[in-house]
Amino acid sequence: LWQETLEQLEKHLTPQHYNTWIKPIRLVSIDKDLVRLEVPNRFIYSWIRDNYADLIQETISTIGAVSYQLQIDIAPLQQKKGETELPVQQQPAEPVRAKTVGKNPGVYNLNKKYTFDEFVSGSSNQFAYAAARAVATNPATTYNPLFIYGGVGLGKTHLINAIGNAILQNNPEMRICYYTSEKFMNELINSLRYAKMDEFRNKFRSMDVLLIDDVQFIAGKERTQEEFFHTFNSLYESHKQIVVTSDKFPKEIPGLEERLRSRFEWGLIADIQAPDVETKQAILKIKAEQNGIDLPENVTFFLANSISSNVRELEGYLIRIGAYASLTATPITLAMAKEVLKNILVEKRREISIEEIQKTVAAHYGIKVSDLKSSKRLKALVLPRQVAMYISRQLTPCSYPEIGDKFGGKDHSTIIHAIKKIEAKMAEDMQLSASVGSIRAALES
Ligand code: ADP
Ligand code: MG
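Being a predicted model, the structure only gives us computed values, none of them experimental.

Conventions adopted
- Residues numbered from 1 in each chain as written.
- Chains lettered and ligands numbered in written order.
- Predicted model: local features only at pLDDT ≥ 70, side-chain atom pairs only at ≥ 80, totals over all residues.
- Heavy atoms only, no water.
- Helix = DSSP H or I, 4+ residues; strand = E, 2+ residues; numbered from the N terminus.
- Buried < 20%, exposed > 50% of the residue type's maximum accessible area, 1.4 Å probe, protein only.
- Contact = heavy atoms within 4.5 Å.
- Areas by Shrake-Rupley, 256 points an atom, 1.4 Å probe, with all protein chains shown as cover.
- Near = heavy atom within 4 Å.
- Polar contact = N/O pair within 3.5 Å; in protein donor to acceptor, adjacent residues only side chain to side chain.
- Nonpolar A, V, L, I, M, F, W, Y, C, P; charged D, E, K, R; others polar.
- UniProt positions renumbered as here; feature names shortened; annotations may be inferred.
- Pairing = 2+ DSSP bridges.
- Axes fitted to C-alpha atoms, helices over the stretch in contact; angles between N-to-C directions.
- pLDDT = per-residue confidence, 0-100.
- Phe/Tyr/Trp six-rings, centres within 6.5 Å; stacked < 30°, edge-to-face > 60°.
- Parallel < 35°, antiparallel > 145°, perpendicular 65-115°, else oblique.
- Expected span 1.5 Å × (residues − 1).
- Salt bridge = Lys/Arg side-chain N within 4 Å of Asp/Glu carboxyl O.

1. A closer look at the overall build of the chain
Within the chain one finds 20 helices and nine strands. Considering the chain as a whole, with its 445 residues, one finds that 51% of them fall into the buried category. Long-range pairs, those at least 24 residues apart, make up 72% of the contacts in the chain with a sequence separation of at least 6. Only carbon and sulfur atoms are counted for the fraction: they give 50% of the accessible area of the chain, which is about 21000 Å².

Here it is, written out as structure tokens:
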């Protein structure tokens, strides 16, 4: 069972992530529905707890057809005083599952670790940050709904949780729930199956603040959109705050119902762009401090400059360097950081191909790869095609004719024209530059 789980995980994760985080896990025992795992150190422990515990639990539960609980311990050799009691306890999956935070029984799933204090605001996210702050200070009276969008790992989940945490701090009695749209859907499905729809509706419609993360996942899911639509209306009409995040601008989410899209546009739409180098440095400093990692200035600078714009990845590399330093009991130096990340940095650059770019761009715009390669002149195809050409030039070493080849044998002048067009457009079209940013972030992550 564990072997099979590992195989599944390996399929889902990049080799680097799998090797760094999953491989070191040791299975201790499986006893009824309790799976005990052991990891070599505190870094891996906290990383797994925050990033992979759910995935592991879901994977093993699916394979074993039992809803397992996970307990993760740190292996005795590495254990320092006071770190023995850190089991990750998962609630068994019940038809309707609610995890409460603190004493207020009306707070669901908020992640306390994501606060405004720990969010670095820079030019890339200033707008979204300010809007989030405003909403947190005056829920339901400023921007409603607040729609935050941006690429993978750029801080959407952090920001939406920070809103909830700040509201809760000022209004301890408020009912606040944080749900990913997938979780919303799963709960809906369970409620339908167990004939508990009243309970489901009452729960969501009694919220003061509804935070829905990654709403793009409900696109194409008819029943979920329907239910979410009614929840939205009910809350909106009673002047409750709604915050939604997505990896795309509402108009660009394929399969999203028109009526939901238009509602998302009723309030404020704010984007998060890839962070600049200074912001990345500031984020690294905060994260290093949080994780007790002593990060020299030159290493901070090196990381901020050489690694993709995806903050989650940046954090991953920081933790990896921290883990290495802790395991070898040596201080972090630039040479060490380069050594630890050597393979990753090389692999990352080599990895991106035009095919991959075409796939990602097509998925972003909800069109077919073949349409990117075609010469159809529909507006809905021309822009994505030009974007794909532009990104191909940015992220691969291919020449104009080589790019032209991959786009159904187009002339190099067509490619040059497309790139110029996109460059000019991006300068004045925020939505476009955000799209390009989020596609790049997805490719570089
Ligand atoms: P997203 O939901 O957009 O994919 P997350 O909110 O999960 O991204 O962010 C990924 C990681 O990066 C989190 O650990 C988060 O704390 C961190 N992060 C992202 N942006 C910032 C920021 N501006 N300041 C501090 N941490 C950040
Ligand atoms: Mg997220």
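2. Some remarks on the site of ligand 1
Near ligand 1 you find 18 residues, and of these G153, T157, H158, K287 and E315 are the closest. Separating a nitrogen atom of ligand 1 from a backbone N or O atom of V120 is a distance of 2.8 Å. Alone, ligand 1 offers 550 Å² of accessible surface; in the complex the protein occludes 95% of this. Listed by contribution, the elements that provide at least two residues to the shell around ligand 1 are α6 (156-170), α11 (277-290) and α13 (311-328). When the residues that make up the shell around ligand 1 are grouped by side-chain class, the tally is seven nonpolar, six polar and five charged.

3. Comments concerning the UniProt feature "binding site: ATP" (unreviewed entry) in the chain
The feature "binding site: ATP" (unreviewed entry), as given by UniProt, occupies G153, G155, K156 and T157 in the numbering adopted here. Locating G155 in the fold gives a position in the loop between β5 (146-150) and α6. The exposure class of G155 is buried, given its relative accessible area of 18%. With sequence-adjacent residues up to four places away left out, G155 is seen in contact with F119 and I272. Considering the arrangement of structural elements, one finds K156 in helix α6. Not counting chain neighbours up to four residues away, the residues in contact with K156 comprise I148, Y149, G150, G151, D214, T245, S246, D247 and I272. Polar side-chain contacts of K156 include one of 2.9 Å to the backbone oxygen of G150.

4. Points about the sheet that holds β5
Here we have six strands laid out as an open sheet, ordered β4-β6-β7-β8-β5-β9, and parallel in their pairing. Because the sheet does not close on itself, it has two edges, and the strands there are β4 (107-108) and β9 (268-272).

5. What to know about the sheet that holds strand β2 (residues 34-39)
Overall, mixed pairing links the three strands, which are arranged β1-β2-β3 in an open sheet. At either end of the open sheet lies a strand with only one pairing partner, and these are β1 (26-31) and β3 (69-74). On average, adjacent strands in this sheet sit at an angle of 20 degrees to one another, irrespective of strand direction. Relative to β2, β1 is paired through five bridges, and the arrangement is antiparallel. Considered in β2, the bridge of I30 is made with V35. Contacts between helix α4 (residues 53-64) and the sheet are confined to β1, β2 and β3, with β3 contributing the most and set at about 130 degrees to the helix.

6. Thoughts on the confidence of the model for the chain
Summarising the model, the chain shows a mean pLDDT of 87, and 92% of its residues fall at 70 or more. Within the chain, the lowest mean pLDDT, 76, falls on helix α14 (residues 334-351), and the highest, 98, falls on strand β8 (residues 241-246). Here the predicted complex scores 0.64 on pTM and 0.99 on ipTM.

7. A closer look at the packing of aromatic side chains
One pass over the structure, following the stated rule, counts 15 aromatic pairs. On the numbers, 5.3 Å between centres and 75 degrees between planes, the contact of Y149 with F249 is edge-to-face. One end of the pair, Y149, is in strand β5; the other, F249, is in the loop between β8 and α10 (258-264), and 100 residues separate them in sequence. The two residues Y149 and F249 agree in class, both being buried.

8. Quick notes on the packing of helix α7 (residues 181-193) against helix α9 (residues 222-237)
Running from N to C, α7 and α9 point in directions that differ by 100 degrees, and their axes come no closer than 10 Å. On the basis of the axis angle, α7 is roughly perpendicular to α9. Along its contact with α7, which presents F184, M185, L188 and L192, the element α9 presents R223, T224, E227, F228 and T231. Taken together, the residues of the contact of α7 with α9 break down into five nonpolar, two polar and two charged.

9. Some points on helix α20 (residues 430-444)
Here α20 spans 21 Å end to end across 15 residues, near enough to the 21 Å set by a 1.5 Å rise per residue. Of all 15 residues in α20, 11 are buried, a share of seventy percent or more. Considered for burial, the residues of α20 that qualify are L432, S433, A434, S435, V436, G437, S438, I439, A441, L443 and E444. If you check the start of α20, you find a side-chain oxygen 3.0 Å away from the backbone N of Q431, and it comes from D429.

10. A short note on the pattern of salt bridges
Applying the stated criterion to the full structure yields 18 salt bridges. For D247, the salt bridge goes to K248, with nearest N and O atoms at 3.6 Å. K248 gets classed as buried once you look at its relative accessible area, which sits at 10%. One network of salt bridges, in which partners are shared, links R201, R205, R223 and E227.

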